[in-house]
Amino acid sequence: SIPLGYFGGIGLASKNGILFKGSNFLDVMTTIDTVVMDKTGTLTKGVFKVQQVFSVSGDEKELIRIAATVENKSTHPIARAIVAYAGKDFIPLQVETTEVAGKGLSGEIDGKRVLAGNTALLDQFKVSYPALLKDEEETIVVVAIDNQYAGHILIADELKPDAAEAILEMHKQGLHTVMLSGDKQAVVDKIAKLLGIDEAYGGLLPEDKVSRLEQLKRAGRHIAFAGDGINDAPVVALADAGIAMGGLGSDATIETADIVIQNDQPGKIVTAIQIGRLTKKIVW
Ligand code: ADP
Ligand code: MG
């Protein structure tokens, strides 16, 4: 009995903290059958904390100092966690760094190459490391100094409080769920299992996320994609409905998105779809 219509639909969405950038996206929502989500910052809080440090030499403080030096200028949430852990008294060493997208950082300290990133980064530079680091179900930053594995830092992120309920509601609404992440497969599998997500792919570089989405589109799926990071902007652009997590989201992703979720709750993804469906029922 609510006189909804398009204006009503947009208004109702806005009351729920969901910004539709045009009424046409309410229509698009009625066609969506698949929800694809980024992991970090979308389903998880995207706020990492250092849990454990291991140094081959036994000097954990020095390992952190080196890692924090390399991570010092990066805005990546993993980098912020390591720099925060190094503490306010931390004095960075002299360094030149390069960011390797989706893998980590490479730097030079005292003429020695230092790597801080995932195992794919070490593979790229042909540095070997203990094989079990790959199977660990937590995010790990591996540190290499002068082409030798020097230790690693175990860091953890937390699921958003409404993530499990959001996925459950998507399935109730008949939606297929997919998760894409740059994080390693072991972490991705653990989270997908916890949340009951239908399909989950890890170890993806930004361009791999795009080709995964293209593949799903070719398979005939009508996709809403939700992401937050700067790497997510191309995928947001490609989806039938591009959704940005607005609170912590990068400007590029928010700008590219058709729909912005202001408070970052994954439950709002399904609310947005429901509002689109409800609006159509009332308009027609
Ligand atoms: P996601 O898709 O989960 O948002 P990203 O594409 O930003 O992740 O990063 C993918 C992976 O690359 C991370 O899980 C991490 O292993 C590694 N990585 C990226 N940036 C950094 C960094 N600054 N320091 C260490 N590791 C990093
Ligand atoms: Mg992300």
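As the structure is a prediction and not an experimental result, all values here were calculated from the model. (Residues numbered from 1 in each chain as written. Chains lettered and ligands numbered in written order. Predicted model: local features only at pLDDT ≥ 70, side-chain atom pairs only at ≥ 80, totals over all residues.)

What follows deals with the sheet that holds strand β7 (residues 139-145). The sheet built from six strands is open, its strands ordered β3-β8-β7-β6-β5-β4 with antiparallel pairing. Where the open sheet ends on each side, the last strands, each with one partner, are β3 (49-55) and β4 (96-100). Across the sheet, the mean angle separating the axes of adjacent strands is 20° when strand polarity is ignored. Note that strand β6 (residues 112-117) and β7 share four bridges and pair antiparallel. (Pairing = 2+ DSSP bridges. Helix = DSSP H or I, 4+ residues; strand = E, 2+ residues; numbered from the N terminus. Axes fitted to C-alpha atoms, helices over the stretch in contact; angles between N-to-C directions.)

One finds Val36, Ala224, Phe225, Ile243 and Ile269 to be the most contacted residues of the largest nonpolar core, which totals 51 residues. In contact with Ile243, other than residues within four places in its own chain, are Ala224, Phe225, Ala226, Ala257, Ile259, Ile261, Ile269 and Ala272. Counting 28 residues, the second-largest nonpolar core is a separate cluster that includes Ile64, Val141, Val143 and Ala150. (Core = buried A, V, L, I, M, F, W, Y, C linked by C-beta atoms within 7 Å. Buried ≥ 20, exposed ≤ 12 C-beta atoms within 10 Å, placed from the backbone. Contact = placed C-beta atoms within 7 Å.)

Now for the site of ligand 1. Taken together, the neighbourhood of ligand 1 is formed by 22 residues, with Thr40, His76, Gly104, Asn118 and Gly182 sitting nearest. Of all the secondary structure elements, the ones that give two or more residues to the shell around ligand 1 are α4 (77-86), β5 (104-109), β6 and β7. Of the residues in the shell around ligand 1, the class split is five nonpolar, twelve polar and five charged. In this structure, the shell around ligand 1 is formed jointly by two domains, domain 1 (5-45 + 159-283) and domain 2 (49-156), each of which donates at least three residues. (Near = placed C-beta within 6 Å. Nonpolar A, V, L, I, M, F, W, Y, C, P; charged D, E, K, R; others polar. Domains from an automatic or database assignment.)

This paragraph deals with helix α7 (residues 185-195). The periodicity of an α-helix, 3.6 residues per turn, causes residues three or four places apart in sequence to face the same way. Looking at α7, one finds that the buried residues are Val187, Val188, Ile191, Ala192 and Leu195. Buried residues of α7, viewed axially, fall in a sector of 130°; they line one side. On the buried face of α7, the contacting elements are β7, α6 (163-172), β9 (176-180) and β10 (199-201). After α7 finishes, the residue Gly196 shows a positive phi value of roughly 75°. (Arc of directions from axis to C-beta.)

This part covers the pairing of strand β2 (residues 34-38). Burial analysis of β2 places five of its five residues in the buried class, the great majority of the element. Here β2 shows two buried faces, one formed by Thr34, Val36 and Asp38 and the other by Val35 and Met37. Taken together, the five bridges between β2 and β9 define a ladder with parallel strand orientation. Bridge pairing in β9 places Thr34 opposite His176.

This part covers the packing of helix α3 (residues 60-71) against α4. In the contact formed by α3 and α4, the axes pass within 9 Å of each other and the chain directions differ by 135°. In terms of orientation, α3 and α4 fall into the oblique class. For the crossing formed where α3 meets α4, the hand is left-handed. Across the interface between the two elements, Ile64, Arg65, Ala67, Ala68 and Glu71 of α3 pack against Ala79, Ile82, Val83, Tyr85 and Ala86 of α4. Among the residues making up the contact of α3 with α4, the classes are represented as eight nonpolar, no polar and two charged. (Parallel < 35°, antiparallel > 145°, perpendicular 65-115°, else oblique. Left-handed = near helix turned anticlockwise from the far one by under 90°.)

When the domains of the protein are assigned, the result is domain 1 (5-45 + 159-283) and domain 2 (49-156). Domain 1 and domain 2 are separated by 31 Å when their C-alpha centres are compared. Across the boundary between the two partners, domain 1 contributes eleven residues, which contact eleven residues of domain 2. When residues of the side of domain 1 that touches domain 2 are assigned to their parent elements, the largest contribution, three residues, is made by α7.

Now for α6. Within α6 the residues assigned to the buried category are Ala163, Ala166, Ile167 and Met170. Axial view of α6: buried residues confined to an arc of 95°, hence all on one face. Gly174, located one to two residues past α6, shows a positive phi value of around 80°.

Checked against the element boundaries, Lys39 lands in the loop between β2 and β3. You can call Lys39 buried: it has 27 C-beta atoms within 10 Å. The spacing of Lys39 and Gly182 is 143 residues in sequence and 8.4 Å in space, taken between C-alpha atoms. Leave out the neighbours within four places in its chain, and Lys39 touches Thr44, Met179, Ser181, Asp183, Val188 and Ile191.

This part is about the sheet that holds strand β13 (residues 259-261). Adjacent strands of a sheet pair through backbone hydrogen bonds, lying either parallel or antiparallel. Judged by pairing direction, the sheet is mixed, and its seven strands sit side by side in the order β1-β13-β12-β11-β2-β9-β10 without closing on themselves. Strand pairing shows two members of the sheet lacking a second neighbour, β1 (18-20) and β10, which therefore form its edges. Each strand of the sheet is rotated relative to its neighbour by a mean of 20°, with strand direction disregarded. In the sheet, β9 pairs with β10 via three bridges, with the strands oriented parallel. Bridge pairing in β10 places Leu180 opposite Tyr201. Against the sheet, helix α2 (residues 24-31) touches β1, β12 (241-245) and β13, its axis set at about 105° to β12. The sheet strands contacting α7 are β9 and β10, and the helix crosses β10 at an angle near 160°.

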